[in-house]
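Chain by chain, the residues run as shown.
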Amino acid sequence: MRIRATVAAVSGALALSALAVPASQAAQSGAPGGDRPSAPDYGFSSQHGAAAPKAKANGLTAAAKAAAAPVITKTVVNGGKPIVVGTTATKKVTIAITASHASGIADAGTILWIGKNLDDDDAFAFVQNEDKATCKAANATTSTCTLTVTVDPGQLINTDATYWNVGAAVLAKGGTDVQNDKFTKIRFQRLSKLTVNASPEPVKKGKTLTVTGKLSRANWETATYKGYATQTVKLQFRKKDSSTYTDVKTVKTSGTGTLKTTTTRTTVAGYWRWSFAGTASTPAVNATGDYVAVN
């Protein structure tokens, strides 16, 4: 069983002190994943216990507007792109939360988590780095608040390469708040690598060229890159005076992720590469072209 610890965050204006992880639950070096504490709660001290003033026939009173919860309109994680993580380097992810309230927006909080719900014993989360969000006002009522979350691959297991929930909490200047544990989702992916080697170099015109390579991806549980088996990969070529690759043939990786094929389309000098389109858990990747002269 492995231990996965959350990133601690402590806040003043935000009621995020519950995110702090006791030292006894800190990550153990070289022990990714495993038994893990429940995902922490997050958000603000709600002031919704008091009943909001009733609206007048011609609209909300000023007091009712002030007592209403802020409205989260958009949350953008990592620029809308999947979060791709390798084996050792941490990745800092930016999360931008846009919200509105009659009194304006004071602060925001966020969390990336996986599990049935935040109260589930198997839930796990990465929380914000900052004590307070950086909020930029678009006008008197609407702001976009930016935070970052650091994703540590040492705390991931391979089945985490799926959709994660994005929680968003917002505090209005008037004191009311709102929290949505599943405002949106973001996909986590295992970083992929692809190599190529073409030989002989140079090759005689019209003669056989052998192209090899390997497709691998991050194994978060061993902190190594392992071959990605039985995946469809394209062999591509571009002439030395061109910037465009064209498909030559399609090949499947072996049980260990290796690639090998031959071609006699050796009429002109140029670059050979493998190209992988990606899968749900693994991003697309192109090998760096291998130049082969033709005699």
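(A) Summary view of the sheet that holds strand β9 (residues 177-190). Read across the sheet, five strands follow the order β2-β9-β8-β4-β5 without closing on themselves; strand pairing throughout is mixed. Lying at the two open borders of the sheet, with one neighbouring strand each, are β2 (83-85) and β5 (124-127). Strand after strand, the sheet turns through a mean of 35° between neighbouring axes, direction not considered.

(B) Molecular detail of the nonpolar core. By size, the foremost hydrophobic cluster in this structure holds 29 residues, and its most contacted members are I83, L112, V151, W164 and F188. Secondary-structure elements contributing two or more residues to this core are β1 (71-77), β2, β3 (91-100), β4 (105-114), β5, β7 (142-151), β8 (163-172) and β9. If we ignore the near neighbours within four places in the chain, the residues touching V151 are I83, V85, T90, K91, V93, L112, F126, L156 and F188. Grouped together as the second largest cluster of nonpolar side chains are 20 residues, V196, A198, Y228 and W272 included.

(C) Spatial organisation of the pattern of salt bridges. Scanning the model with the defined rule gives two salt bridges in all. A salt bridge links K132 to D107; the shortest N-O distance between them is 3.6 Å. Taken together, the residues K132 in the loop between β5 and β6 (134-137) and D107 in strand β4 connect sequence positions 25 residues apart. A salt bridge links D247 to K234, with the nearest nitrogen and oxygen atoms 3.3 Å apart. Residue D247 is found in strand β14 (residues 246-252), and its partner K234 is found in strand β13 (residues 232-239); the two are separated by 13 residues along the sequence. We classify K234 as partly exposed; its relative accessible area is 36%.

(D) Expanded view of the state of the cysteines. Evaluated as defined, the whole model comprises one disulfide. The disulfide partner of C135 is C145, and the gap between their sulfur atoms is 2.0 Å. In this structure, the disulfide formed by C135 and C145 twists by about 110° around the S-S bond and is classed as right-handed. Highlighted residues: C135 in strand β6 and C145 in strand β7, separated in sequence by 10 residues.

(E) Just the sheet that holds β3, in detail. Taking strand neighbours across the sheet as the criterion, the four strands line up as β1-β3-β7-β6 in an open arrangement whose pairing is antiparallel. Strand pairing shows two members of the sheet lacking a second neighbour, β1 and β6, which therefore form its edges. Looking at each pair of strands side by side, their axes are set apart by 20° on average, direction ignored. In terms of strand pairing, β1 meets β3 through six bridges, oriented antiparallel. Bridge pairing links T75 to I97 in β3.

(F) View of the pairing of β9. As paired elements, β2 and β9 share three bridges and run parallel to each other. Residue pairing in the sheet places V85 in a bridge with R190 of β9. Here β8 pairs with β9 via eight bridges, running antiparallel. Residue pairing for β9: A168 is matched across the bridge by N180. Counting the residues that bridge the hairpin from β8 to β9 gives four residues, and of these G175 lies at a positive phi of roughly 105°.

Criteria and cut-off values
Residues numbered from 1 in each chain as written. Predicted model: local features only at pLDDT ≥ 70, side-chain atom pairs only at ≥ 80, totals over all residues. Heavy atoms only, no water. Pairing = 2+ DSSP bridges. Helix = DSSP H or I, 4+ residues; strand = E, 2+ residues; numbered from the N terminus. Axes fitted to C-alpha atoms, helices over the stretch in contact; angles between N-to-C directions. Core = buried A, V, L, I, M, F, W, Y, C linked by side-chain atoms within 4.5 Å. Buried < 20%, exposed > 50% of the residue type's maximum accessible area, 1.4 Å probe, protein only. Contact = heavy atoms within 4.5 Å. Salt bridge = Lys/Arg side-chain N within 4 Å of Asp/Glu carboxyl O. Disulfide = S-S within 2.5 Å.

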